[in-house]
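The chain contents come next:
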Amino acid sequence: MEDTLMIEIVTPNGYVDTVNLITYLVSDDGVRRYVVYSRNEVYENESDRIIYISRLTENDNILNVSEIEDDVEWNEVQRLLRRIANTASK
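Because the structure is a prediction, the values reported are computed rather than measured. (Residues numbered from 1 in each chain as written. Predicted model: local features only at pLDDT ≥ 70, side-chain atom pairs only at ≥ 80, totals over all residues. Heavy atoms only, no water.)

1. Quick notes on the nonpolar core
Thought 1: Leu25, Tyr34, Val36, Ile53, Ile68, Val77 and Leu80 together form the largest nonpolar core, which totals seven residues.
Thought 2: Those residues within four positions of leucine 80 in sequence are excluded, and the remaining contacts are Leu25, Val26, Ser27, Asp28 and Tyr34.
Thought 3: Among the nonpolar cores identified, the runner-up in size contains five residues, and Ile9, Val19, Tyr37 and Leu56 belong to it. (Core = buried A, V, L, I, M, F, W, Y, C linked by side-chain atoms within 4.5 Å. Buried < 20%, exposed > 50% of the residue type's maximum accessible area, 1.4 Å probe, protein only. Contact = heavy atoms within 4.5 Å.)

Here is the structure:
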């Protein structure tokens, strides 16, 4: 079984959520960063793990997560994930 890296995400209301880090993505221009993580939840049939993807921003040396709401940005994230999947399958 592969090792998992646990990270803590603090929500805007102060709730601390410990999650499994799956991967970290950086846009081609290096401007945008994303974190892909799991809370060990499964979807209905218990074989599909639910994953979350959030944008990372930095404010006063603190990393913050926020939702991705823009379709252009979602397309970028999907392209970055496909790149990882294609590299892993080679």
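The rest of the description comes next.
2. Digging into the pattern of salt bridges
Thought 1: This model, assessed by the stated rule, comprises seven salt bridges.
Thought 2: When the shortest N-O distance is used, the salt bridge between aspartate 17 and arginine 39 registers 2.4 Å. Taken together, the residues span a long stretch of sequence, with aspartate 17 in strand β2 (residues 16–26) and arginine 39 in strand β3 (residues 33–43) at a distance of 22 residues. (Salt bridge = Lys/Arg side-chain N within 4 Å of Asp/Glu carboxyl O. Helix = DSSP H or I, 4+ residues; strand = E, 2+ residues; numbered from the N terminus.)

3. Considering the sheet that holds β3
Thought 1: Taken together, five strands build an open sheet; the order of strands is β1-β2-β3-β4-β5 and the sheet is antiparallel. Unpaired on one side and paired on the other, β1 (5–10) and β5 (62–66) mark the two borders of the sheet. Going across the sheet, the axis of each strand differs from the next one's by a mean of 50°, ignoring polarity.
Thought 2: Judged from the six bridges that link them, β2 and β3 form a sheet pairing that is antiparallel. Counted as the bridge partner of leucine 25 is tyrosine 34 from β3.
Thought 3: In the packing of helix α1 (residues 71–88) onto the sheet, contacts are made with β2, β3 and β4 (48–59), and the angle to β2 comes to roughly 75°. (Pairing = 2+ DSSP bridges. Axes fitted to C-alpha atoms, helices over the stretch in contact; angles between N-to-C directions.)

4. Quick look at a negative patch on the surface
Thought 1: On the surface, a cluster of negative charge is contributed by Glu67, Glu69, Asp70 and Asp71.
Thought 2: In this fold, glutamate 69 is placed in the loop between β5 and α1.
Thought 3: Residue classification places glutamate 69 among the exposed positions, given a relative accessible area of 66%. (Patch = residues over 30% accessible without salt bridge, like charges linked within 9 Å, V, L, I, M, F, W, Y side chains within 5 Å. Areas by Shrake-Rupley, 256 points an atom, 1.4 Å probe, with all protein chains shown as cover. Lys, Arg positive; Asp, Glu negative; His and termini not counted. Charge placed at Lys NZ, Arg CZ, Asp CG, Glu CD.)

5. With respect to the confidence of the model for the protein chain
Thought 1: In this model, the protein chain carries a mean pLDDT of 87, and residues with pLDDT of at least 70 account for 96%.
Thought 2: Within the protein chain, β5 has the poorest average pLDDT of any element, 83, and β2 the best, 92. (pLDDT = per-residue confidence, 0-100.)

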